[in-house]
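Each chain is listed here by its residues.
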Amino acid sequence: MSRVLAFGVDAGSTTCKAVAVDATGTLVASRLEATRPRLEEQAAAMVAALAADLGTAEPPPVVATGYGRQLVRVAVRCVTEITCHSRGVFRALGHGGTLVDIGGQDAKAIRIGEGGRPVDFAMNDKCAAGTGRFLEHTAGRLGVPVAELGTRALAAREEEPISSTCTVFAESEIISLIGRGADLDAIIRGLHRSLVGRIVAMARTVGLEPPLILSGGVALNAGVRVMMEEAAGMAVVLPPHPQLMGAYGAALLALEQ
Ligand code: ADP
């Protein structure tokens, strides 16, 4: 590993990520924590901890992204998640396409152009039903860990359609399905179908240029990946460490400083 030259911090609504890159832009270390209410202190502590992990007395330049990026006081610059995810994914995969980043509280579709620059994007930050929060909320209601949702959706032999387009109404629908004795995995599959339908419709608004690429924490959900391939009719590609792509892109921009 060559010397660590830059850090990126992605202060997200659900998780806070910090990554380090070396002079070649290779991701060499990272930290990820659930976002706490005192984001300013958390980000500073994570940067200090990452520097300590790497044995660096002084942290290198930091670029911040994510919804709480303005609270990352150690940053030399704040950059949008659209730009950072595009840059991170382009570098990690070596090509562009249509990127879908699904985080805890919002989802974005980004068409990646030359050099990893975003050429068009669409965003949903108004409605929880197209985000990771929708899955987290319903997982809690069903008593299933979020990390198991995807495999259970794929293992289901049947599917219970969820017609509500709102998290709150979907929850009422789930309660009545449970009351009717519906299979839990079939409900989970229906929830995934609903989320994926919304996401693919949003991605179509920027033009579905293959391949479809997934980043953000929801990319770790195998059910979302497989059902997106079915819905979009094209391969879905994942970068390594999809949840770190925003922070990675920020670190690459810090390297250019
Ligand atoms: P943000 O950057 O907006 O804070 P993330 O990109 O970290 O959010 O995504 C958080 C979401 O990722 C959660 O709401 C959850 O749905 C999903 N998620 C996190 N870890 C996993 C996992 N191991 N398996 C499946 N989904 C996950």
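Residues numbered from 1 in each chain as written. Predicted model: local features only at pLDDT ≥ 70, side-chain atom pairs only at ≥ 80, totals over all residues. Heavy atoms only, no water.

(A) The sheet that holds strand S9 (residues 212–215), seen in detail. With respect to topology, 5 strands assemble into an open sheet ordered S8-S7-S6-S9-S10, the strand pairing being mixed. Either end of the sheet is taken by a strand with one partner, and the two such strands are strand S8 (118–124) and strand S10 (236–237). The pairing of strand S7 (residues 107–112) with S8 spans 6 bridges and is antiparallel. When the bridges of S8 are listed, arginine 111 appears paired with aspartate 120. The sheet contacts of helix H7 (residues 222–232) involve strand S6 (97–102), S9 and S10, and relative to S9 the element is tilted by about 155°. (Pairing = 2+ DSSP bridges. Helix = DSSP H or I, 4+ residues; strand = E, 2+ residues; numbered from the N terminus. Contact = heavy atoms within 4.5 Å. Axes fitted to C-alpha atoms, helices over the stretch in contact; angles between N-to-C directions.)

(B) A look at the site of the ligand. For the ligand, the set of nearby residues contains 18 residues, the closest of which are Thr14, Thr15, Lys17, Glu136 and Gln243. Here valine 218 contributes a backbone N or O atom positioned 3.4 Å from an oxygen atom of the ligand. Calculation on the ligand without its partners gives an accessible area of 590 Å², and the protein chains cover 85% of this total. Its atoms largely coinciding with the cavity grid, the ligand occupies the largest pocket. (Near = heavy atom within 4 Å. Polar contact = N/O pair within 3.5 Å; in protein donor to acceptor, adjacent residues only side chain to side chain. Areas by Shrake-Rupley, 256 points an atom, 1.4 Å probe, with all protein chains shown as cover. 1 Å grid on protein atoms, 1.4 Å probe; cavity = no way out; pocket = protein on both sides within 12 Å on 5 of 7 lines; lining within 4 Å. Sits in = over half its atoms within 2 Å of the grid points.)

(C) Molecular detail of the layout of surface pockets. Roughly 650 Å³ of volume is contained in the largest pocket. Along the walls of the largest pocket sit 30 residues, with Thr14, Gly103, Gly104, Gly217 and Gln243 positioned nearest its centre. Looking at the lining of the largest pocket, its residues break down into 7 nonpolar, 15 polar and 8 charged. (Points joined across faces, edges and corners; volume = space filled by probe spheres on them. Nonpolar A, V, L, I, M, F, W, Y, C, P; charged D, E, K, R; others polar.)

(D) View of the environment of glutamine 257. The topology assignment puts glutamine 257 in the segment after helix H8 (245–256). Note: C-alpha distance between glutamine 257 and leucine 195 (62 residues apart in sequence) is 38 Å. Residues contacting glutamine 257, with those up to four places away along its chain left out, are Val76 and Arg77.

(E) Focus on the side chain of threonine 35. Within the secondary structure layout, threonine 35 lies in the loop between strand S3 (27–34) and helix H1 (39–53). One polar contact links the side chain of threonine 35 to the main-chain carbonyl oxygen of glycine 12, over a distance of 2.8 Å. Excluding residues that lie within four positions of it along the chain, threonine 35 makes contacts with Gly12, Ser13, Thr14, Thr15, Cys16 and Gln42.

(F) The arrangement of the sheet that holds strand S1 (residues 4–11) in detail. On the basis of which strands lie adjacent, the open sheet formed by 5 strands has the order S3-S2-S1-S4-S5 and mixed pairing. The sheet is open, and its two borders are formed by S3 and strand S5 (77–78), each paired with just one other strand. Both strand S2 (residues 15–22) and S3 contribute to a ladder of 7 bridges, which runs antiparallel. Within S3, the position partnered with valine 21 by the bridge is leucine 27. On the sheet, H1 packs against S1, S2, S3 and strand S4 (62–65) and is oriented at approximately 145° with respect to S3.

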